Amino acid sequence: MNKSFDFSQVPDNWAICHLADCARCDECMRYQAFMAAPKNITQHQCVLPAALSKKSCPHFHPIEIVRAAKGFRHIFDEIKAKHQAEFRRRLIAYLGSESSYYRYRNGSRMLMPEQQEWIRKLLEHYGYTETLEFDAYEDVYRFEE
């Protein structure tokens, strides 16, 4: 893997896998998460050996690194006042709640590429065609199913 793996990125409810005899363990994010687990962790949700009895593992998750965005504090700098309230309302609805909106805006939650694209398209809908730059970017592993 080209990026060092940080186990703290693994979501709490995300199953890891310890099945070293799986033919695809070296390509699987779940196995890599298991290999990176700190020694002081004594329990975690996991994939069970019965998964190997299937033709292909239903829990296989390919290793994928994506460019995530951190924060969007400055996108409102360019938006006209007449669009700001509606734009913000639509962002809140898309991101799930007002508290989620602020976590994404402030950079404590990362925006995946699909979310970044949705925000770009929303800006285009309002006629803003300049290139949107988020506050910062970071390469992270993708854990979404």
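This text goes with the structure placed above it.
## Here we look at the packing of aromatic side chains
Okay, step 1: Evaluated as defined, the whole model comprises eight aromatic pairs.
Okay, step 2: When the ring of F72 is compared with that of Y101, the centres are 5.7 Å apart and the planes differ by 65 degrees; the resulting orientation is edge-to-face. Of this pair, F72 sits in the loop between β1 (65-70) and α2 (81-95) while Y101 sits in helix α3 (residues 98-106), placing them 29 residues apart in sequence. Summarising the burial analysis for this pair, F72 and Y101 share the class buried.
Okay, step 3: Seen in terms of ring centroids, Y94 and W118 are 3.9 Å apart; in terms of plane orientation they differ by 5 degrees. Their pairing is stacked. Taken together, the positions of Y94 in helix α2 and W118 in helix α4 (residues 113-125) put the pair 24 residues apart, joining distant regions of the chain.
Okay, step 4: Each member of the aromatic cluster is reached from another via a ring pair, and the members are F72, Y101 and Y102.
Okay, step 5: Above the ring of F60, the side-chain terminus of R24 is found at 3.7 Å from the ring centroid.
Okay, step 6: The ring of Y137 has R67 lying over it, and the distance from NZ or CZ to the ring centre is 3.7 Å.

## Examining the packing of α2 against α3
Okay, step 1: In the contact formed by α2 and α3, the axes pass within 8 Å of each other and the chain directions differ by 100 degrees. Here α2 lies roughly perpendicular to α3, going by the angle between them. Where α2 abuts α3, its residues R88, L91, I92 and L95 lie against E98, S100, Y101, Y102 and Y104.

## Remarks on the layout of surface pockets
Okay, step 1: In this structure, the largest pocket spans a volume of roughly 360 Å³.
Okay, step 2: Element by element, the count of residues in the lining of the largest pocket is highest for strand β2 (residues 136-141), at three residues.
Okay, step 3: Residues that form the lining of the largest pocket fall into these classes: eight nonpolar, three polar and four charged.

## Things to note about the nonpolar core
Okay, step 1: Counting residues in hydrophobic clusters, the biggest one holds 19 residues, and the most contacted among them are F72, I75, F87, L91 and L111.
Okay, step 2: When residues of this core are traced back to their parent elements, those giving at least two are α2, α3 and α4.
Okay, step 3: Looking at this core, the element that brings in the most residues is α2, giving four residues.
Okay, step 4: Setting aside chain neighbours within four positions, we find L111 in contact with R67, A68, A69, F72, L95, Y104, Q116, I119 and F134.
Okay, step 5: Ranked by size, the runner-up nonpolar core spans 10 residues in total, among them F5, F7, W14 and M29.

So, how was this worked out
- Residues numbered from 1 in each chain as written.
- Predicted model: local features only at pLDDT ≥ 70, side-chain atom pairs only at ≥ 80, totals over all residues.
- Heavy atoms only, no water.
- Phe/Tyr/Trp six-rings, centres within 6.5 Å; stacked < 30°, edge-to-face > 60°.
- Helix = DSSP H or I, 4+ residues; strand = E, 2+ residues; numbered from the N terminus.
- Buried < 20%, exposed > 50% of the residue type's maximum accessible area, 1.4 Å probe, protein only.
- Lys NZ or Arg CZ within 6 Å of the ring centre and 35° of its normal.
- Axes fitted to C-alpha atoms, helices over the stretch in contact; angles between N-to-C directions.
- Parallel < 35°, antiparallel > 145°, perpendicular 65-115°, else oblique.
- Contact = heavy atoms within 4.5 Å.
- 1 Å grid on protein atoms, 1.4 Å probe; cavity = no way out; pocket = protein on both sides within 12 Å on 5 of 7 lines; lining within 4 Å.
- Points joined across faces, edges and corners; volume = space filled by probe spheres on them.
- Nonpolar A, V, L, I, M, F, W, Y, C, P; charged D, E, K, R; others polar.
- Core = buried A, V, L, I, M, F, W, Y, C linked by side-chain atoms within 4.5 Å.

These values are about where atoms sit, not about what they do.
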